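# Results of the structural survey
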Amino acid sequence: MAIRVNRRTALGIGTVATAGTVLGGAVPAAADPGSSAVAGRSARVNARPELVAPLIEAAYLRETTTAGGNWQAYLSLATADGPLEVVADSPDQVLEAYSVNKIAVAVAVLDKVDRGLLTLDQRVDVTAAIVVPGGDGIFSLDNAYPSSVTLGHALAALLTVSDDTAVRLCGLVCPAAELNSILVAKGFPKTQVQPVANPNRFFLGTSTPRETHDLLRALVAGTLLTPASTAFLLKLLRSPIAFNEGIRRTTSSAERARIATKAGWFADARHEAGVIFDAAGAPLVTYVLFADGQADPDNYGATHPAVTARARLGRRMLDVTANLTGAGVTHRLAAQRPSNGG
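Description of the structure in this document.

Bridge analysis of strand S3 (residues 95-96) against strand S7 (residues 202-207) gives two bridges, and the strand direction is antiparallel. Each bridged residue has a counterpart across the sheet, and for Glu96 the counterpart in S7 is Thr206. Note that strand S6 (residues 192-195) and S7 share three bridges and pair antiparallel. When the bridges of S7 are listed, Gln194 appears paired with Phe203. Once S6 ends, the chain turns through six residues before running back antiparallel as S7.

Counted as a void, the largest pocket has a volume near 550 Å³. Forming the walls of the largest pocket are 20 residues, and the residues nearest its centre are Asp164, Phe202, Phe203, Leu204 and Phe266. Only helix H6 (164-173), S7 and strand S8 (259-266) provide two or more residues apiece to the lining of the largest pocket. In terms of residue count, S7 provides more of the lining of the largest pocket than any other element does, four residues in total.

A separate point is unusual backbone geometry. Of the consecutive residues Tyr145 and Pro146, the connecting peptide bond is found in the cis state with omega at 0°. Position of Pro146 among the secondary structure elements: in the loop between strand S4 (123-126) and strand S5 (147-150). Even without being a glycine, Tyr98 presents a positive backbone phi close to 50°. Within the secondary structure, Tyr98 is located in the loop between S3 and helix H4 (102-114). With relative accessibility at 23%, the residue Tyr98 sits in the partly exposed group. In this model, Asp296 sits at a positive phi of 55°, which is unusual for a non-glycine residue. Within the element layout of this structure, Asp296 appears in the loop between strand S10 (283-292) and helix H11 (305-320). Taking the relative accessible area as the measure of exposure, Asp296 reaches 40% and is therefore partly exposed.

About the thresholds
- Residues numbered from 1 in each chain as written.
- Predicted model: local features only at pLDDT ≥ 70, side-chain atom pairs only at ≥ 80, totals over all residues.
- Heavy atoms only, no water.
- Pairing = 2+ DSSP bridges.
- Helix = DSSP H or I, 4+ residues; strand = E, 2+ residues; numbered from the N terminus.
- 1 Å grid on protein atoms, 1.4 Å probe; cavity = no way out; pocket = protein on both sides within 12 Å on 5 of 7 lines; lining within 4 Å.
- Points joined across faces, edges and corners; volume = space filled by probe spheres on them.
- Buried < 20%, exposed > 50% of the residue type's maximum accessible area, 1.4 Å probe, protein only.

Function cannot be inferred from these measures alone, as they are strictly geometric.
Rendered as structure tokens:
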């Protein structure tokens, strides 16, 4: 079963109506499909992916239509028979992925670690010249250079606080041309960084919703990297300090730890991609949400319409999949709790 949806189709035709059909009764037109009452009903009634899929589809259509702008997306549910396609909205459009492609950068660097060409504890130099002035992250806040950090530290900054300087630190050990060739060899020819004159620097480049989805699926399947590198990368994306304003916004600590996510924002684009795991750690939902042509381009906060749309969609996906079981390799996460020092 494959549900193919384009956000530009008329909202309410084949979405909420479909959801009512698979549930055995119509959903009242006045009911908010995102309300707690309907969400609770969905969680109780639906224990099969093919019944949950139309509810996610309807939520995607509703939220992205409300937010406006351009959306390109690919979402699937994991089943024992393979991924069930839920949303395919311009899934093969090549577009600027911005910081979502930091996952691909980390994959290429960790591929070199897996081959013994790099180590996580080797050091990279943080010089004043390499720091992106005023960039996102923590390196631009240090105000004390030169310094050095381990490659593992640079990757942690890259994938949690989405540090811009960490991109350049990765380029020191994995130049743009090599990075792109690694991704091509792994089957991702459209997920590529954009080289510049300096071979060790690059813009974050392009991808498609489908390729980013497939990269995430390969990652959680354990076919992209070694088990150690896979666990390291997923721990970063699932950490409490990873991006929390979109899909993870209205979640508990336990729910947040079940979501590996990476956002990307620049100019009028607000992107996010990741994986929701079930309580046992098996992959359940893989989502790629690219949004550009958005209003309020100078607002990079949680009140941006596209970010708010993702937050509502994230809560909805968690609610309607509450009784589903994921499929594939299990990735358990050790509990991470705040410390009071000492």
